[in-house]
Amino acid sequence: MRSCTGKCFLELEVNGRTVSVAAKPSDTLLHVLREKLGLTGAKPGCENGDCGACTVLVDGMPVKSCLMLAAEAVGHAVTTVEGLKDAPIQTAFVEQWGFQCGYCTSGFLMVCHALALHHPDADDALIETWLQSNLCRCTGYAEIRAAVKSILADGPRRA
Amino acid sequence: MNTQLGVSVKRKEARDKVTGAAKYTADLSQTPLLHVRILASTQAHALLLGVDAAAASAMPGVRAVVTGTDAGQLLCGGILRDMPPLARDRVRYFGEPVALVVAEEAQQAMAAAAAIQVRYSPLSPVTTIEEALVPDPVLVHENLGSYQRMEADIYPRPGTNLFHAVKVRKGDMERGWALSDETVEGTFHLPQSDHAAMETRAVRCSISPGGVIDITTASQSPFEVRELISRYFDVPQGMVAVHVPLVGGAFGGKAAVQLEVLAVLASRAVDGACVSLVNSREQDMATSPCHMGMRAELKLGARRTGEITAARMVFHLNAGAYADISPKLAKAVAVDCSGPYRFPNIDCDSFGVYTNAPYATSYRGFGHAELFFCLERMMDKLADALGMDPFELRAVNALKEGDLTATQVKATRSNMGDLVCCLDRLKSLINWSEGARIQEPGGLIRAKGMACLCKTSDTPTDASAAATVSFLPDGTVALNCAAVEIGPGIRTAMAQILAETLRMDVGRVYVNMEVDTQTAPYYWKTVASMTTYMMGRAVRAAALDARRQLLALGAVAMRCPEEDLEVENERVYLKADPLMFAAFRDLATGYKYGNGNAVGGPVIGRGSYVMDHLTLLDKDTGKGKAGRSWTLGAQAVEVEYDPAQHTYRLLKAATVLDAGKVLNPKTARGVVMGGMSMGLGLATREEFVQAPGGVEGATSFRTYKMLRIGEEPEYLVDFVETPQVDAPFGARGIAEHGVIGMPAALANAVAKAAGVDIEELPVTPELIWRKKGRP
């Protein structure tokens, strides 16, 4: 059990590096990533857990960073979109026109990336279960669906 | 050189957008930075008796509290100046900005805003169009007659809640009704809703000691921000610098100028320090402008053969508390009130109406999704009454070359496109011939509905655009234009137009993603699906201007007449011997002879375009030209309806647009599908819900429902290409049109499936159940 009041130093593991940040106990992980570490790929879209634009990976699982305190991330591996290095899903989003304005893209990329890691044989139902956590207002989701399918084990099954 | 058009060029900023490197307004690093929080009204209509900020001002980190009185007598509005930036004397909608707190940290600003004491004396709110129109109504604006009108053709009616009226009178209504064998009527209700761009509106502002107001904002209208801030704060336009980086979706909602004014007030209160104002999602929905609602009454008369002889239409737009762009929305609805059809006799009135609801601004489709919901439901009702096929009824009435539109503009193939061709394509795409209502085994019903659409630009008659083309010493090209990248890949499309005109590889054309009003040439705004046309013309003109200069310099360098030369592949070459050439890199900054002498100088191409031949509408008849052309099309939706639950599933949605020329197929398809998705959102679930007293009830994504993956239909998209002769390479605007016919097509499908009349949105199971339940 950790306890602190006022600002304290947190050691976080972000994108494979250990960083030390001064944060308040009430600071969300999203806030610390963006404002303290300059990792603005994760976006605030609702700060209420509804839109998924702030999704990052914590120990490989997608988490809405607006719903997690930075203090809770201590001892866990955080991966942001900036930590993806030429992941297949990034190229797939470009190839399949998986975005327009790009604001929701980081969040979708992180969910899709994790889905492919954990369920490389995901079917439509599982894809939908995972991706319904996130909202996109520009596309009609067809391109995002095509992008994630193109990186799953047996490739695209529906155009 | 292969063509750079009609090919799916990846958007220029693609890599940045999949790596987190793409920067939007709130991503930019800035130190020091103060944070602004809006205190919003908790009342829909109330007298504002007092705002006590004493306690808030003393809270930790608070640097300033700004209230309505700090803005003096300032009233804002691009068309009608009816809106105080912060409420004074009274509040007119739930969510209206009442005060601003500027603090060192965002949480401190939020805490202090909550500590401001506001005393309201509640007034009866006007929550519906019906309430706004009763005799002797509660007035949302008691001083309507005193507001400054920024344009000549706006007609407020003091003593009422009507701030604008547009009339369309065409033909002879008595004769029209006399010729009709069948009439149908409908009364339609559409709710207000939200743009819901994933990036909430955000702005940064600082004021330099020299007085330059520096604004970075998520806006579709950087030059209008400049103009209005200059006007409101009485500073020269050159002292207002507006920057717009990438914008995270806009859909018309970021065309309005609101937060920028608040940010200037906030920065002014802290001696010009840089302030950041980022809407929370809740305030983006409740405080910033929304998508209008509508009430409409329509009556159509037709011959037995289907030809429509008379149309009477009254539209009341629920614009909420302030006029903003709504006078133009009222006009746009009136201008296209007869759709892509030949209605010989029309009597149409379109009104902008104040209510105590969030104020409306432009929204993808600019009033047309609402108009076409009403019109295309009426067409289906008429088809039913006449026992005609819905496709057939539309084809019978389609505008033909030489026919007059509602405002008496002559239709041509170039300005209108080919509706009948779109209808034919749509019919096979959606497999209409299998039947529009099919009983499935197990009791489910599969049904299809369709709708037509069209839209013209409704720009100011003098809307304009400009661009410059310059060359890098390596022979590559840089494009400078103020089209904002809000998502549809417009800056990539501009690069394609430039590359095609210079016959070079689009990969060698550079276009940055930020717009800066201090350096980019003027552009009206990135709205109305008009950037392909207006900015496209300016870019093409700039490219042709550069080409002329390259040919002239090439002629000097190669000692031959210009007419012997051609431009391609970054070379000016001799037509008779293409291996004799001067490369762009040898001409771009001036040509140097062997002995060191130089001629020419950096090549800069300049291009401008201003709308031509547009007119204001006649006050009494509406006669006039509101746009250069239309984009038309037809859409269909297929649903699977469960008669036991009154629920339905979206199976397919289809769109055929006459795009003139498809510049970038994958991008075009994506933009159309996105529009369809948004239209299906309006059709099936999206609405603002006001609790009694006018309190907004759906201000988060938990209560305001949008389509999520898995709920989308299979999308079928196709294009017809009837060139618009005056457009760049024939291309029409297509960015909004996917949304327009979707609500009507969905409602027509559900009406057919459930056997009910549908005259309101969204089409929820509850609505169907209520309709079914009625005797």
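The residue numbers shown here count from 1 along each chain, following its written sequence. The lettering of chains begins at A and the numbering of ligands begins at 1, in the order of writing. The predicted nature of this model means local features are confined to residues of pLDDT at least 70 and side-chain atom pairs, given and counted, to a pLDDT of 80 or more, with totals for whole chains, interfaces and linings taken over all residues.

Under an unreviewed UniProt entry, the name given to chain B is Xanthine dehydrogenase family protein, and the source organism is Lawsonibacter faecis.

As named in an unreviewed UniProt entry, chain A is (2Fe-2S)-binding protein, taken from Lawsonibacter faecis. Here is the UniProt Pathway (unreviewed entry) comment for chain A, exactly as written: "Alkaloid degradation; nicotine degradation." UniProt positions are given in the numbering used here, feature names are shortened, and annotations may be inferred rather than shown by experiment.

(A) The overall build of chain B, seen in detail. Numbering of helices and strands runs from the N terminus; a helix is a DSSP stretch of H or I covering at least four residues, while a strand is a stretch of E covering at least two. When you go through chain B residue by residue, the secondary structure sums to 20 helices and 36 strands. Only the C-alpha atoms count toward the radius of gyration. The rule for a globule is 2.2 Å times the residue count to the power 0.38. The C-alpha atoms of chain B give a radius of gyration of 27 Å, which matches the 28 Å a tight globule of 775 residues would have. Along the longest, intermediate and shortest principal axes, the C-alpha atoms of chain B span 95 × 70 × 55 Å. Sorting the 775 residues of chain B into buried and exposed places 60% on the buried side. Throughout, a pair of residues is in contact if the C-beta atoms placed from their backbones lie within 7 Å. The long-range share in chain B, meaning contacts at least 24 apart out of those at least 6 apart in sequence, stands at 79%. Residue burial here comes from a neighbour count, namely the number of other C-beta atoms, placed from the backbone, that lie within 10 Å of the residue's own C-beta, with 20 or more meaning buried, 12 or fewer meaning exposed, and in between meaning partly exposed.

(B) Seen up close, the overall build of chain A. Regarding its fold elements, chain A presents five helices and five strands. Counting from the amino terminus, chain A carries its helices and strands in the arrangement β-β-α-β-β-β-α-α-α-α. Computed over C-alpha atoms, the radius of gyration of chain A comes to 16 Å, within 12% of the 15 Å expected from 2.2 N^0.38 for 159 residues, which places it in the range of a compact globule. Along the first, second and third principal axes, the C-alpha atoms of chain A reach 55 × 25 × 25 Å. For chain A, restricting intrachain contacts to residue pairs at least 6 apart in sequence, the fraction spanning at least 24 positions comes to 59%.

(C) Main features of helix α4 (residues 124-131) of chain A. Residues and elements named next belong to chain A. Along α4, the residues that are buried comprise Ile127, Trp130 and Leu131. Each buried residue of α4 sits inside an arc of 85° when the element is viewed along its axis, so together they form one side. Looking at the buried positions of α4, the neighbouring elements they touch are α3 (105-118) and α5 (142-151). Directions pointing from the helix axis toward each C-beta atom define the arc.

(D) Summary view of the interface of chain B and chain A. Between chain B and chain A, the contact holds 41 residues from the first and 39 residues from the second. Mapped onto the side of chain B that touches chain A, the elements with two or more residues apiece are α1 (14-17) and α17 (665-684) of chain B. Per element, the largest residue contribution to the side of chain B that touches chain A is seven residues, and it comes from α17 of chain B. Throughout this entry, Asp, Glu, Lys and Arg are counted as charged residues, while Ala, Val, Leu, Ile, Met, Phe, Trp, Tyr, Cys and Pro are counted as nonpolar. The remaining residues, Gly among them, count as polar. Partitioning the side of chain B that touches chain A into residue classes produces 17 nonpolar, 13 polar and eleven charged.

(E) Structural context of the sheet that holds strand β22 (residues 464-471) of chain B. All names here are of chain B. Taken in spatial order, the four strands of this open sheet run β24-β23-β22-β31, and their pairing is mixed. In this open sheet, the two edge strands, each paired with only one partner strand, are β24 (509-510) and β31 (604-610). Relative to β31, β22 runs antiparallel, the two sharing seven bridges. The residue bridging alanine 467 from the neighbouring strand is glycine 607, located in β31. The convention used is that axes are lines fitted to C-alpha atoms, helices contributing only their stretch in contact, and that angles between N-to-C directions extend from 0 to 180 degrees. Of the strands in this sheet, β22, β23 (477-481) and β31 are in contact with helix α15 (residues 531-558), which crosses β31 at around 145°. Strands are treated as partners if at least two bridges between them are detected by DSSP.

(F) Representation of the packing of helix α10 (residues 368-386) of chain B against helix α11 (residues 390-397) of chain B. Residue and element names in this part refer to chain B. Put simply, α10 and α11 touch, their axes get as near as 9 Å, and they point 110° apart. Classified by the interaxial angle, the pair formed by α10 and α11 is roughly perpendicular. Touching Met379, Asp380, Leu382, Ala383 and Leu386 of α10 are Pro390, Leu393 and Arg394, all from α11. Along the lines of polarity and charge, the residues of the contact of α10 with α11 split into six nonpolar, no polar and two charged. When an angle is under 35 degrees it counts as roughly parallel; over 145 it counts as roughly antiparallel; between 65 and 115 it counts as roughly perpendicular; any other value is oblique.

(G) Structural detail: the nonpolar core. Residue and element names in this part refer to chain B. Remark: nonpolar core denotes a set of buried Ala, Val, Leu, Ile, Met, Phe, Trp, Tyr and Cys residues whose joining runs through C-beta atoms within 7 Å. Grouped together as the largest cluster of nonpolar side chains are 327 residues, with contacts concentrated most on Val101, Met494, Leu498 and Val750. At twelve residues, the largest contribution of residues to this core is made by α15. Those residues within four positions of valine 101 in sequence are excluded, and the remaining contacts are Val36, Arg37, Leu39, Ala56, Val62, Val65, Ala109, Ala112 and Ala113.

(H) Local environment of the packing of helix α14 (residues 490-502) of chain B against α15 of chain B. Residue and element names in this part refer to chain B. Where α14 meets α15, the closest approach of the two axes is 9 Å, and the angle between their N-to-C directions is 35°. Regarding α14 and α15, the two cross each other, and that crossing is right-handed. On α15, the residues that touch Ile490, Ala493, Met494, Ile497, Leu498, Thr501 and Leu502 of α14 are Thr531, Thr532, Met535, Gly536, Val539, Arg540, Ala543, Leu544 and Arg547. For a crossing to be left-handed, the near helix must be turned anticlockwise from the far one by less than a right angle; the clockwise case is right-handed.

(I) Spotlight on α5 of chain A. The buried fraction of α5 of chain A is high, at eight of ten residues. Considered for burial, the residues of α5 of chain A that qualify are Ala142, Glu143, Ile144, Arg145, Ala147, Val148, Lys149 and Ile151 of chain A. On its buried side, α5 of chain A packs onto α2 (88-95), α3 and α4 of chain A together with α17 and β36 (714-720) of chain B.

(J) How the structure looks around the environment of lysine 167 of chain B. Residues and elements named next belong to chain B. Following the sequence through the fold, lysine 167 ends up in strand β9 (residues 162-170). Along the primary structure lysine 167 and aspartate 618 are separated by 451 residues, whereas in three dimensions their C-alpha atoms are 8.4 Å apart. Apart from residues lying up to four places away in sequence, lysine 167 is in contact with Asp349, Asp620, Thr621 and Gly622.

(K) View of the confidence of the model for chain B. Confidence scores here are pLDDT values: one per residue, from the predictor, ranging 0 to 100. Taken residue by residue, chain B gives an average pLDDT of 97. The fraction at 70 or more is 100%. Confidence estimates for the predicted assembly give a pTM of 0.97 and an ipTM of 0.97.

(L) Spatial organisation of the sheet that holds strand β10 (residues 182-190) of chain B. Residues and elements named next belong to chain B. Strand order in the open sheet made by the five strands is β9-β18-β17-β16-β10, with mixed pairing throughout. At either end of the open sheet lies a strand with only one pairing partner, and these are β9 and β10. Taken pair by pair, the neighbouring strands of this sheet meet at an average axis angle of 5°, ignoring direction. Along the sheet, helix α9 (residues 326-335) contacts β9, β17 (308-320) and β18 (346-354); its crossing angle with β18, the most-contacted strand, is approximately 160°. Against the sheet, α10 contacts β10 and β16 (293-302), and its axis sits at roughly 150° relative to β10.

(M) Here's a closer look at the pairing of strand β11 (residues 202-207) of chain B. Residues and elements named next belong to chain B. Across the six residues that make up β11, a large majority, six, are buried. Along β11, one buried face is formed by Ala202, Arg204 and Ser206 and the opposite face, lined by Val203, Cys205 and Ile207, is buried too. Between the end of β11 and the start of strand β12 (residues 213-217), which pair antiparallel, lie five residues, with glycine 211 showing a positive phi angle near 100°.

(N) Main features of the environment of alanine 727 of chain B. Residues and elements named next belong to chain B. When you line up the elements, alanine 727 lands in the loop between β36 and α18 (737-740). Separated by 313 residues in sequence, alanine 727 and serine 414 place their C-alpha atoms 9.3 Å apart. When neighbours within four sequence positions are excluded, alanine 727 is seen to be in contact with Tyr533, Gly660 and Arg732.

(O) Examining the domain arrangement of chain A more closely. Residue and element names in this part refer to chain A. Residue ranges assigned to each domain were obtained from an automatic or database domain assignment. Taken as a whole, chain A is organised into domain 1 (8-82) and domain 2 (88-151). Centre-to-centre separation of domain 1 and domain 2, based on C-alpha positions: 21 Å. Each partner contributes to the interface: domain 1 provides 15 residues, whereas domain 2 provides twelve residues. Breaking the side of domain 1 that touches domain 2 down by element, the ones donating at least two residues are β3 (55-58) and β4 (61-64). At three residues, the largest contribution of residues to the side of domain 1 that touches domain 2 is made by β3. Each residue belonging to the side of domain 1 that touches domain 2 can be placed in one class, and the counts come to nine nonpolar, five polar and one charged.

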